[in-house]
Structure formats: structure tokens, C-alpha cells
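Tertiary structure, described
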Amino acid sequence: MSNSKSTNQVEGVAIIGMAGRFPGAQNVAEYWRNLQNGVESIGFFTDDELKAAGVEPARLNAPNFIKAKGVIDNADEFDAAFFGFTPREAEIMDPQHRVFMECVWSALEAAGYDPESYDGAIGLFGGESMNTYLLFNLMSNRELLQSVGALQASV
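Residues numbered from 1 in each chain as written. Predicted model: local features only at pLDDT ≥ 70, side-chain atom pairs only at ≥ 80, totals over all residues. Heavy atoms only, no water.

1. Re the overall build of the protein
Along the protein, the regular secondary structure elements total 7 helices and 2 strands. Each helix and strand of the protein, ordered N terminal to C terminal, gives the series α-β-α-β-α-α-α-α-α. Each of the 155 residues in the protein was classed as buried or not, and the buried ones make up 19%. Summarising the internal contacts of the protein: among those between residues at least 6 apart in sequence, 50% fall at separations of at least 24. (Helix = DSSP H or I, 4+ residues; strand = E, 2+ residues; numbered from the N terminus. Buried < 20%, exposed > 50% of the residue type's maximum accessible area, 1.4 Å probe, protein only. Contact = heavy atoms within 4.5 Å.)

Here is the structure:
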């Protein structure tokens, strides 16, 4: 281990932009206002809405079936071309991944930096975990998996 500093070493880190999308809030400021004001952001659904969404009628009266869910508005408005994806790639991409990418871009905008013109280093940090979109929506479609490949489907 050396005590000498590299010319590329970062002296510190500053958090200058933050973003998030939540049920009932398009950004962190709206989310905070909702918390402060006790706004209920969970959506409650009628039996007719749930049936139209494909829920089996027998499940609607099950004692452990909750007719509510947190829903993020405008999650279906992803601009694939802006992020360099083809329409097909965006179609099979996990919707949570699409929203995540939009949030990362929003954080960069909130920080006020243009990556095309800024000479310094810009780091974006985010986190996510494996979810069930791949398992429940893509794995059962063998033709789709063969057409795009396992790696692309897992992304």
C-alpha cells in the first residue's frame, strides 16, 4: 500500500442530485410533501378493475388477497431512443429498470451537469435488486427468449 496520491484520485464525494419515483409522487420533493401531509398513496381497486387486469374471480374473496397496490404514474412512457435502446429492447426490459434509468437521468439533471460538456468525472450511484419480472413475464415465452437471447432477457 502506498501513501502517494494518484493524480486521478478523488478528494471527496458530494451528493448534489437525488431522484426517485414513488406511488403518488413523481419526485423526491413530492414524496416528502406526501409524507409530511399524511397523503395515502396506495391505490385501492374495485373487483371490476381487478378482473379487467386479469385477476381470477375466485381470488377476489380470498382472505389474504389485498385489493391495493402502490402504482407509479407514467411508468409506461419510457423514451427508448433517448436512452439508446431499440423499441424491442425496451419492450422486454423490466419496467422497473426503465423507471430506474429515468431516475438516474433525473438525478443528473437535478445536479445541473451535462455529461456531454462537463470535463470532470461524474458518478451516478443507484441500487436495485433482482425481481420477478423475468421469471413471471419472460421465462414462460420460449420464442421470445430464443429471439433475444438469455443475457438480453435478463437485463
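2. Observations regarding the confidence of the model for the protein
Model confidence for the protein is summarised by a mean pLDDT of 84, while 89% of its residues fall at 70 or above. Across the protein, the secondary-structure element scoring lowest on mean pLDDT is helix H7 (residues 150-154), at 71, and the one scoring highest is helix H1 (residues 28-37), at 95. (pLDDT = per-residue confidence, 0-100.)

3. Focus: the nonpolar core
Ranked by size, the top nonpolar core spans 7 residues in total: Ile92, Tyr133, Leu134, Leu138, Leu144, Leu145 and Ala153. Among the secondary structure elements, those contributing two or more residues to this core are helix H5 (133-138) and helix H6 (142-148). Sort the elements by how many residues they give to this core and H5 lands first, with 3 residues. If you look at the next biggest cluster of nonpolar residues, it comprises 6 residues, including Ala80, Phe85, Ala90 and Met101. (Core = buried A, V, L, I, M, F, W, Y, C linked by side-chain atoms within 4.5 Å.)

4. So, the pattern of salt bridges
Evaluated as defined, the whole model comprises 3 salt bridges. A salt bridge links Lys67 to Asp47; its shortest N-O distance comes to 2.7 Å. Of this pair, Lys67 sits in the loop between helix H2 (47-52) and strand S2 (68-70) while Asp47 sits in helix H2, placing them 20 residues apart in sequence. Residue class for Lys67 comes out partly exposed when judged on its relative accessible area of 25%. Among the residues examined, Asp47 registers a relative accessible area of 29% and is labelled partly exposed. Here Arg88 and Glu91 are joined by a salt bridge, their closest N and O atoms 3.3 Å apart. Note that Arg88 and Glu91 are positioned in helix H3 (residues 87-92) at a spacing of 3 residues, about one turn of the helix. (Salt bridge = Lys/Arg side-chain N within 4 Å of Asp/Glu carboxyl O.)

5. Considerations on a nonpolar patch on the surface
On the surface, Ile16, Tyr113, Tyr118, Ile122 and Leu124 cluster together into a nonpolar patch covering about 430 Å² of accessible area. Locating Ile122 in the fold gives a position in the loop between helix H4 (95-111) and H5. We classify Ile122 as partly exposed; its relative accessible area is 34%. (Patch = residues over 30% accessible without salt bridge, like charges linked within 9 Å, V, L, I, M, F, W, Y side chains within 5 Å. Areas by Shrake-Rupley, 256 points an atom, 1.4 Å probe, with all protein chains shown as cover.)

6. What about the packing of aromatic side chains?
Two descriptors summarise a pair of aromatic rings, namely the distance from one centre to the other and the angle between the planes of the rings. Going through the model one piece at a time under the given rule, you end up with 5 aromatic pairs. Judged by centre distance (6.3 Å) and plane angle (50°), the ring pair of Phe78 and Phe85 falls under tilted. For Phe78, a relative accessible area of 14% puts it in the buried group. For the ring pair Phe82 and Trp105, a centre distance of 5.1 Å and an interplane angle of 85° mean the geometry is edge-to-face. Residue Phe82 is found in the loop between S2 and H3, and its partner Trp105 is found in helix H4; the two are separated by 23 residues along the sequence. (Phe/Tyr/Trp six-rings, centres within 6.5 Å; stacked < 30°, edge-to-face > 60°.)

7. Focus: H1
An α-helical segment advances 3.6 residues per turn. Residues three or four places apart therefore align on the same side. N-capping of H1 is provided by Asn27, with a side-chain oxygen placed 3.1 Å from the backbone N of Ala29. Looking one or two residues beyond H1, the residue adopting positive phi is Gly38, at roughly 65°. (Polar contact = N/O pair within 3.5 Å; in protein donor to acceptor, adjacent residues only side chain to side chain.)

8. What to know about the side chain of Arg21
Within the secondary structure, Arg21 sits in the segment before H1. Arg21 gets classed as buried once you look at its relative accessible area, which sits at 16%. At a separation of 3.5 Å, a polar atom in the side chain of Arg21 contacts the main-chain carbonyl oxygen of Asn74. At 2.6 Å, the side chain of Arg21 forms a polar contact with the side chain of Glu102.

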